[in-house]
Amino acid sequence: MPPESPELRVGALELFLAFTRITLSSFGGALFWSHRAFVERQRWLTEQEFAEILALAQLLPGASGVNLAVLVGYRFGGSRGAFASLAGFLAAPFFVIMVIGMLHQRYGELPLVHAALTGMSAVAVGLLLAMGVRMTTVLRTRLPWLFVTLTFVGVGVMRWPFLAVVGALAPFAIAASWRGRQA
Amino acid sequence: MSLTDLAGLCLYFMMLSFLAIGGAPSVLPEMHRYVVELHALMSSAQFAQLYSLAQVAPGPNVMYVPLIGWHVAGWIGAVSTMFAVIVPSFTLTLFVAHLHARHPKAAFGIAIRRGLTPITIGLLFATVWILLPAVNEDWRGYVLTALTVLLVLRTSLNPIWLLAAGAVAGLTGIV
């Protein structure tokens, strides 16, 4: 079993600022930047802990980046930390998007912005893929790879509904990890 | 737009917030149906533009929601739709975090979390798979994506430079 990182408490202000930093660099998705900040830079979470929190964030309703902020905030600062992280995650982008909305209303579609976005999206997908590759280090045996593959094929290649695929695989995946724990 | 209409819109967004499993994009078609088809608050093209604006901006994709609110009812619309879409799922997530913190070492809880980990990673790869053809128009986009993966995994370059390079590549017509 991988070692748990020691109990760590983080103040509300520090959480607010950490998530403001993450969210302002989040072009094309916040997950990559959260992973980079908490696992690679500050090392508040191990790869395994991050994967567990991300699993919960994806399965709960709502945007997974927002849920991740709330779960991380709660873990390090209780309810206050959760509020601070949520506020940090949403406040700055809220004002940025309002300004962009107003500029858009005044000046309309800018082709230059669209061109820049095309290139940035290609990079953003690469960032997400690199994060996925890094996260596979938590898979220590062969059996979990089966569930990675089945989820990928079901949701990605076959385009079956997310809930149906996860609902069908989760009981087996959980049973496998329960048995692995006892072995 | 009257306040009653705005209240209706917010209530609707609150309900969608509970249904948005798999993230904000999963309820996008439903929002489109309500805002464009049922209530004609904006055209389909306007809806698409607001959504893509939120993609350009830093921060979570869910920011297209306050943009819709702002478009139909100004600042009060922006703030109220933002709260409407965040508060329900936030409350539920906080509740789950609280439950989890009370029994952090429950063996079955650990089995659930460890068991779901490979599914999470599979979902990430599935997302990438779905996004790839949507964001990359031809092989040059794929090369840029592949270069990004390589540089992130092999170097300690700050990825913000990669995004900047992507923007330059887009502006100069390389991709």
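Residues numbered from 1 in each chain as written. Chains lettered and ligands numbered in written order. Predicted model: local features only at pLDDT ≥ 70, side-chain atom pairs only at ≥ 80, totals over all residues.

(A) Here's a closer look at the overall build of chain B. Of regular secondary structure, chain B possesses seven helices and zero strands. When the helices and strands of chain B are listed from N to C terminus, the series reads α-α-α-α-α-α-α. Since a compact globule built from 175 residues should have a radius of gyration of about 16 Å, the 20 Å found for chain B marks it as more spread out than a globular shape. Along the three orthogonal principal directions, the C-alpha set of chain B runs to about 55 × 55 × 25 Å. Here chain B holds 175 residues, and the buried ones make up 44% of them. Within chain B, residue pairs in contact and separated by at least 24 positions form 37% of the contacts whose partners lie at least 6 positions apart. (Helix = DSSP H or I, 4+ residues; strand = E, 2+ residues; numbered from the N terminus. Rg over C-alpha atoms; globule rule 2.2 N^0.38 Å. Buried ≥ 20, exposed ≤ 12 C-beta atoms within 10 Å, placed from the backbone. Contact = placed C-beta atoms within 7 Å.)

(B) Inspection of the packing of helix H6 (residues 143-157) of chain A against helix H5 (residues 107-135) of chain B at higher detail. Two elements in contact, H6(A) and H5(B), have axes whose closest approach is 7 Å; the angle formed by their N-to-C orientations is 35°. In the packing of H6(A) onto H5(B), the handedness of the crossing is right-handed. The segment H6(A) lies against H5(B), with Pro144(A), Phe147(A), Val148(A), Thr149(A), Leu150(A), Thr151(A), Phe152(A), Val155(A), Gly156(A) and Val157(A) engaging Pro118(B), Ile119(B), Ile121(B), Gly122(B), Leu123(B), Phe125(B), Ala126(B), Trp129(B) and Ile130(B). Residues of the contact of H6(A) with H5(B), tallied by class, amount to 15 nonpolar, four polar and no charged. (Axes fitted to C-alpha atoms, helices over the stretch in contact; angles between N-to-C directions. Left-handed = near helix turned anticlockwise from the far one by under 90°. Nonpolar A, V, L, I, M, F, W, Y, C, P; charged D, E, K, R; others polar.)

(C) Local environment of the confidence of the model for chain B. All names here are of chain B. Of all residues in chain B, 97% have pLDDT values of 70 or greater, and the mean over the chain is 87. Confidence, expressed as mean pLDDT per element, reaches its minimum in chain B at helix H3 (residues 44-56) with 80 and its maximum at helix H6 (residues 139-154) with 95. Scoring the predicted complex yields pTM 0.85 and, for the interface, ipTM 0.85. (pLDDT = per-residue confidence, 0-100.)

(D) Region of interest: helix H1 (residues 3-19) of chain B. All names here are of chain B. Between its first and last C-alpha, H1 extends 24 Å over 17 residues, near the 24 Å set by a 1.5 Å rise per residue. Within H1, the full set of buried residues consists of Leu 9, Cys 10, Phe 13, Leu 16 and Ser 17. Down the axis of H1, the buried side of the element spans an arc of 120°, and every buried residue falls inside it. What points out from H1, more than 90 degrees from its buried face, is the exposed set Thr 4, Ala 7 and Leu 11. Turning to H1, the residues buried within the fold contact helix H2 (28-38) and helix H4 (64-102). (Expected span 1.5 Å × (residues − 1). Arc of directions from axis to C-beta.)

(E) The arrangement of the interface of chain B and chain A in detail. Between chain B and chain A, the contact holds 76 residues from the first and 80 residues from the second. Counting only elements with at least two residues in the side of chain B that touches chain A, the list comes to H1, H3, H4, H5, H6 and helix H7 (159-171) of chain B. For the side of chain B that touches chain A, the element with the highest residue contribution is H5(B), accounting for 24 residues. When its residues are assigned to classes, the side of chain B that touches chain A shows 54 nonpolar, 20 polar and two charged.

(F) Structural context of the nonpolar core. By size, the foremost hydrophobic cluster in this structure holds 105 residues, and its most contacted members are Val70(A), Leu71(A), Leu128(A), Tyr64(B), Val65(B) and Leu67(B). Examining the composition of this core, we find that 14 residues originate from one element, helix H4 (residues 64-107) of chain A, more than from any other. Each of domain 1 (12-138) and domain 2 (141-183) of chain A gives at least three residues to this core. (Core = buried A, V, L, I, M, F, W, Y, C linked by C-beta atoms within 7 Å. Domains from an automatic or database assignment.)

(G) Main features of H7(B). For H7(B), with 13 residues, the first-to-last C-alpha span of 19 Å sits near the 18 Å given by 1.5 Å per residue. Taken together, the buried positions of H7(B) are Pro159(B), Leu162(B), Leu163(B), Gly166(B), Ala167(B), Ala169(B) and Gly170(B). When H7(B) is viewed along its axis, its buried side chains cluster within an angular range of 160° and face the same direction. In H7(B), the exposed positions that point more than 90 degrees away from the buried face belong to Ile160(B) and Trp161(B). Looking at the buried residues of H7(B), the elements they touch are helix H5 (111-135) of chain A together with H6 of chain B. Note on H7(B): the residue one or two positions beyond its end, Gly173(B), has a positive phi of about 80°.

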